[in-house]
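The primary structure of each chain is shown beneath.
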Amino acid sequence: MTVPYSLRLSLQRLFGEIWINLLSILTIAAGLFIVSLSFIPVYNLDVVAKKLPDKFSMIVYLDNSLNRNDINQVVNSLKKNKEVNSIRYISKDEALKELKSTLRDSTFIFEGLDENPLPDSLEIKLRRDAVDPNAVREFSEKAARIDGITEINYGEKFLSTIYYLKVGLQTLGTIFIIIMSAGIIFVCYSTVKILFYRRKEEIETFKLLGASKGFIRTPFLIEGAFIGGSGGTLSLIGIYLFSYIVFFRLADKVPIFKSVAIPENLFLSLPLVGILLGITGAVIALGRLKY
Amino acid sequence: MTVPYSLRLSLQRLFGEIWINLLSILTIAAGLFIVSLSFIPVYNLDVVAKKLPDKFSMIVYLDNSLNRNDINQVVNSLKKNKEVNSIRYISKDEALKELKSTLRDSTFIFEGLDENPLPDSLEIKLRRDAVDPNAVREFSEKAARIDGITEINYGEKFLSTIYYLKVGLQTLGTIFIIIMSAGIIFVCYSTVKILFYRRKEEIETFKLLGASKGFIRTPFLIEGAFIGGSGGTLSLIGIYLFSYIVFFRLADKVPIFKSVAIPENLFLSLPLVGILLGITGAVIALGRLKY
Amino acid sequence: MIEFFDVTKEYNNQTALRNITFSIEKGEMVFVTGTSGSGKTTLLKLIYLAEKPDKGEISVAGWETEKLKESSIPLLRRNVGIVFQDFRLLNNRNVFENVALVLRIRNMNEKDIRTKVYHSLKTVNLRHKSDSVPEALSGGEQQRVVIARAIVAEPTLLLADEPTGNLDVDTAAGIMRIFNEINAKGTTVLIATHNRELFKNTGRRVLRLDSGNLVGEEAE
Amino acid sequence: MIEFFDVTKEYNNQTALRNITFSIEKGEMVFVTGTSGSGKTTLLKLIYLAEKPDKGEISVAGWETEKLKESSIPLLRRNVGIVFQDFRLLNNRNVFENVALVLRIRNMNEKDIRTKVYHSLKTVNLRHKSDSVPEALSGGEQQRVVIARAIVAEPTLLLADEPTGNLDVDTAAGIMRIFNEINAKGTTVLIATHNRELFKNTGRRVLRLDSGNLVGEEAE
Ligand SMILES: Nc1ncnc2c1ncn2[C@@H]1O[C@H](COP(=O)(O)OP(=O)(O)OP(=O)(O)O)[C@@H](O)[C@H]1O
Ligand SMILES: Nc1ncnc2c1ncn2[C@@H]1O[C@H](COP(=O)(O)OP(=O)(O)OP(=O)(O)O)[C@@H](O)[C@H]1O
Ligand SMILES: [Mg+2]
Ligand SMILES: [Mg+2]
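None of the values given here were measured: they were computed from a predicted structure.

Reading guide: rules and limits
- Every chain's residues receive numbers from 1 upward, in the order its sequence appears when written.
- Following the order in which they are written, the chains are lettered starting with A and the ligands numbered starting with 1.
- Note on the predicted model: pLDDT of at least 70 is required for a residue's local features to be given, and 80 or more for side-chain atom pairs to be given and counted; whole-chain, interface and lining totals, by contrast, use all residues.
- Excluded from the side-chain calculations are hydrogens and water; all other atoms, namely the structure's heavy atoms, are used.
- Metal donors were taken as nitrogen, oxygen and sulfur atoms no farther than 2.8 Å from the ion, or 3.2 Å where the ion is Na, K or Ca. Water is excluded, so coordination may look unfinished.
- Numbering goes from the N terminus for both helices and strands, where a helix is a DSSP run of H or I of at least four residues and a strand is a run of E of at least two.
- Relative accessibility under 20% of the residue-type maximum defines a buried residue, over 50% an exposed one, and the middle range a partly exposed one, all with a 1.4 Å probe and only protein chains included.
- Pairs of strands are assigned from DSSP output, requiring at least two bridges between the strands.
- Two residues qualify as a contact provided that any one of their heavy atoms is within 4.5 Å of a heavy atom in the partner residue.
- Here the axes come from fitting lines to C-alpha atoms, over the contacting stretch only for helices, and the angles between their N-to-C directions go from 0 to 180 degrees.
- Here a polar contact is recorded for every N or O atom pair within 3.5 Å, except that within protein the pair must consist of a potential hydrogen donor and a potential acceptor, and residues adjacent in sequence are included only if both atoms are side-chain atoms.
- Side-chain classes are defined by residue name, with Ala, Val, Leu, Ile, Met, Phe, Trp, Tyr, Cys and Pro counting as nonpolar, Asp, Glu, Lys and Arg as charged, and the others, Gly among them, as polar.
- Nonpolar side chains (Val, Leu, Ile, Met, Phe, Trp, Tyr) are joined into patches within 5 Å and like charges within 9 Å, using only residues with over 30% relative accessible area and no salt bridge.
- In this description, accessible areas are obtained by the Shrake-Rupley approach with a 1.4 Å probe, and a residue is regarded as covered only by the protein chains that are shown.
- Criterion for a salt bridge: a side-chain nitrogen of Lys or Arg within 4 Å of a carboxyl oxygen of Asp or Glu.
- Should an angle fall under 35 degrees it is called roughly parallel, over 145 degrees roughly antiparallel, and 65 to 115 degrees roughly perpendicular, with every other angle called oblique.
- A clockwise turn of the near helix away from the far one marks a right-handed crossing, whereas an anticlockwise turn of less than a right angle marks a left-handed crossing.

**Notes on the coordination of the magnesium ion (ligand 3)**
Turning to step 1, where the next piece is worked out: Looking at the metal site, the magnesium ion (ligand 3) is ligated by Thr41(C) (OG1) and Gln85(C) (OE1), spaced 1.9 to 2.2 Å from it. Within this pair, whereas Thr41(C) is found in helix 1 (residues 40–47), its partner Gln85(C) is found in the loop between strand 6 (80–83) and helix 3 (95–105), the two being separated by 44 residues in sequence.

Structure below.
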């Protein structure tokens, strides 16, 4: 069979029953649009979840008797642990300044102070994947054994909130996207299948007239690809329109929208996803052709 | 036409082409399931958004010279404003205790203190709908004019973050649900429509044999209602299974799931929604019957 | 029973029937004949209102079809039994249900339906095929199911379009006997056919169509 | 060309053909006749492999159908032109495309397709209907499109199932002339019909079926 003919045949079919095909295209577009749409909050939650551990830091209080050299040694011992991402030295003067600025409204407390009562300290940021209640406890026990460290401080409750929030958001997001995608893949498949169901008799006639399997399949695959591809493209246009309206227009009024990230490059694959869905739908819909 | 016959007719049709009808039912179930599923995070975000304003409070510092009576008078003047929800009196001693407990790790600061330098204060919680940057500014200006109040304190940045987060989440949630629902309604309609499209010839024959419009329509409506209703019921079962697995099983491991609320009563209407969708789909699919 | 006055029917500017005038009395049996494409089926379609004339007036069983309300069309059709040239059997139900459909539309009770449908199927020798679907029948069997469906409700007017095209001579003769019996009971019968054997020497009136023109009405 | 040896075909335990043995030589023109439901269509279906026999052996154009690989079935069918009793026209394409389909399946180029399709449609007097869809044709016109489709690819074997059921005597005679011409050019022709007029006095062999039994093979 010449490919131009299958192409013409599928176009004829597409436009010969334009309404019903348009309906399928729109159904698939709606389906893909919905998955993409729900991908936006999940993606953003994931971005937020990934950044959550950055909010966490440990404070290590140093012995007052340590000199510059001793402190460097402590820093080096700490840095040997692979969990450590960065260490910042905070002198007792800096610490007091920071405290004063956070207690801005209650600076009268410090009026009675004659000497700085704060110790020198180190702020340790851990690597993102090391921020997990057990790992942090182990690390802090190890660190406490280093000479010159008097006390280690970190919000245990804050840590476990951060950790479970991260795990929770990521798990939920994954489950949500998997179910959504499965649902929509099914909707697309079923749309194509129902569409081809009407063609049973046509396929039968094709067979009786001596058509090979390839001859019968090709136009259906092209048709499926076209329906899926159009659906995907429409959903892409929909997503862009939606992001434009919501994130550029609405962002003027509600500034929080400005910080919403849109995984645009991912969405660019929507037409391709549509084509794959359409072809797969057509292949399954046709089933194993038997003579 | 006797209703029992239309019923039998639609059942025959449903089971006569069980696979294709099952496909439609599953499509609708998948669609409704997805909308319901995405309703859960939106609903929870809405609950969170509604509670956000509770996190906000204003601190009003009182003149050191006021006695109990004066303070009561200030409280009463404040309470006259409809924005005020509750007022808590915080004595200077309490304030110091609170400060000490938040600064638990740096209590050495207070070692040099001989006298409590903090003033008495009032913590004001505003009504949820009054937590809006403009309203709060106006209110604080009004309050500042009350005798005995030396200073008013509230995090302006925190306030506007809370406010815009609330408005943003609610707006996004509403848009999201509207688009989702529109998409799925379309998917359901289109599924029913494609399904009935095959019956054009059957309808034509019915007409030629003298069937009235009611006779033609009734079985289609029953069929539509059945397909939609089954889809809705399946999606309800799916949602319950999903909540059970995620929120009861997973919650053991990831405690944050425990705080997820599921609008169960709302989901109970899913079968009804399905029936309505099915019937509407059938009505539109049949269109205006013409002889 | 049927009156055509100066009726013209065109499909996309191509005339299928031109200035046709004739009338058929209640209780008559009349044949329509003509070569392939001469307009026989179109004439029948005008009677059961599947097509509307472009010109002229038609009345059927006392109804003037032009003035008929849409809601009355089913009522008219319930007086008419039709043997469609293209059968119009429903493939998703069995033979019994295909025939019974006509009675269900008329709101008959289940017991009467069974009696009448089985009687009608027996008339065309297909009682044993009542559980088969149309696709599992031979061409001639399908045609006889269509005939059974057309006569089961005892219509006042029977329209048969090429009712013996798929039947052998003997079976066709049997069908003609049935039509004669029905006609004898008072039903007006109009048969479109190219098979001269059906009306030769019967003394029945024959409407002869030639490219959409009525060129003769005499018996053969 | 065709050989049946002791062939039996049952549908749900109901025998449609019983112990059929016969053979048709290349270049012959043979008729199959019998009353409605006697098994004519079933016999043709066994030849073009739409049905499989329950017993016995069939060979068509040198292929033993039992041993035929699935992928060879289309090759066999491309040697066969079929006039289906139920037409099997595709309603979503016009007459030209319905006929052309057979040639497209055979991968013919567009120019040859046009020439051949128009020639074939002219043969059955339907050149002027090439742009119509099947639904807008009269019964006889549809049947002639099916005949045009069956002969357009110049098959080595032509199977015609009740090819004149919807045609008047003159048009039917024209179709038989076409079949005779094709047969004269070497095509084997097998016609299933209940219309004795087609084979009376032609001297052609007639296979007579009665309730699935082959009861005679002589010319009439
Ligand atoms: N797919 C099928 N399933 C079950 N029974 C069938 C099927 N096809 C045909 N039959 C039965 O087999 C018998 C022979 O059918 P066939 O179509 O071969 O008859 P025929 O000789 O072509 O009749 P006609 O002249 O009416 O077309 C009939 O009784 C028919 O009901
Ligand atoms: N729906 C339609 N649209 C366009 N043309 C049509 C339509 N139906 C019929 N025609 C044309 O009108 C003419 C008359 O058709 P009709 O079906 O009445 O013929 P007929 O006498 O029944 O023929 P046959 O014996 O072949 O059935 C034919 O040329 C046919 O092609
Ligand atoms: Mg006709
Ligand atoms: Mg047959």
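**Quick look at unusual backbone geometry**
Residues and elements named next belong to chain D.
Turning to step 1, where the next piece is worked out: Phi at alanine 61 is positive, roughly 50°, even though this residue is not glycine.
Turning to step 2, where the next piece is worked out: With respect to the helices, strands and loops of the structure, alanine 61 is situated in the loop between strand 4 (55–60) and strand 5 (63–64).
Turning to step 3, where the next piece is worked out: By relative accessible area, which is 34% here, alanine 61 ends up partly exposed.
Turning to step 4, where the next piece is worked out: Look at arginine 88: it is not a glycine, yet its phi comes out positive at around 55°.
Turning to step 5, where the next piece is worked out: For arginine 88, the position within the fold is in the loop between strand 6 (80–83) and helix 3 (95–105).

**Brief notes about the sheet that holds strand 5 of chain D**
In any sheet, the strands associate via hydrogen bonds between backbone groups, in a parallel or an antiparallel arrangement.
All names here are of chain D.
Turning to step 1, where the next piece is worked out: Judged by pairing direction, the sheet is antiparallel, and its four strands sit side by side in the order 2-1-4-5 without closing on themselves. Each of the sheet's edge strands pairs with one partner strand only, and the pair in question is strand 2 (14–24) and strand 5.
Turning to step 2, where the next piece is worked out: Sheet topology places strand 1 (residues 2–11) next to strand 2; seven bridges connect them, and they run antiparallel. Paired with isoleucine 2 across the two strands is isoleucine 24, which belongs to strand 2.
Turning to step 3, where the next piece is worked out: Seen against the sheet, helix 1 (residues 40–47) touches strand 1, strand 2 and strand 4 and runs at an angle of roughly 120° to strand 1.

**Thoughts on the coordination of the magnesium ion (ligand 4)**
Turning to step 1, where the next piece is worked out: Bound to the magnesium ion (ligand 4) are the protein donor atoms Thr41(D) (OG1) and Gln85(D) (OE1), situated 1.9 to 2.2 Å from the metal.
Turning to step 2, where the next piece is worked out: Exposure remark for Gln85(D): the relative accessible area of 17% places this residue in the buried category.

**Looking at the interface of chain B and chain C**
Turning to step 1, where the next piece is worked out: Contacts between the two partners involve 25 residues from chain B, matched on the other side by 22 residues from chain C.
Turning to step 2, where the next piece is worked out: The tally of links from chain B across to chain C stands at six residue pairs in polar contact (both at pLDDT 80 or more).
Turning to step 3, where the next piece is worked out: Listed by contribution, the elements that provide at least two residues to the side of chain B that touches chain C are helix 1 (3–16), helix 7 (200–208) and helix 8 (213–253) of chain B.
Turning to step 4, where the next piece is worked out: Top contributing element to the side of chain B that touches chain C by residue count: helix 7 of chain B, with seven residues.
Turning to step 5, where the next piece is worked out: Of the residues belonging to the side of chain B that touches chain C, the class tally is ten nonpolar, five polar and ten charged.

**Re a nonpolar patch on the surface**
All names here are of chain A.
Turning to step 1, where the next piece is worked out: Taken together, Leu7, Leu11, Phe15, Ile18, Trp19, Leu22, Leu26, Phe226, Leu234, Ile237 and Leu241 make up a surface patch of nonpolar side chains, about 1,000 Å² in accessible area.
Turning to step 2, where the next piece is worked out: For the nonpolar patch, the secondary-structure elements that each account for two or more residues are helix 1 (3–16), helix 2 (18–51) and helix 8 (213–253).
Turning to step 3, where the next piece is worked out: Structurally, the position occupied by phenylalanine 226 is in helix 8.

**As for the packing of helix 3 of chain C against helix 5 (residues 139–151) of chain C**
Residue and element names in this part refer to chain C.
Turning to step 1, where the next piece is worked out: At a minimum axis distance of 8 Å, the contact between helix 3 and helix 5 shows a crossing angle of 30°. Between helix 3 and helix 5, the angle is such that the two are roughly parallel. In the packing of helix 3 onto helix 5, the handedness of the crossing is right-handed. Each of Val95, Asn98, Val99 and Val102 in helix 3 lies in contact with helix 5, whose residues at this interface are Val145, Ala148 and Arg149.

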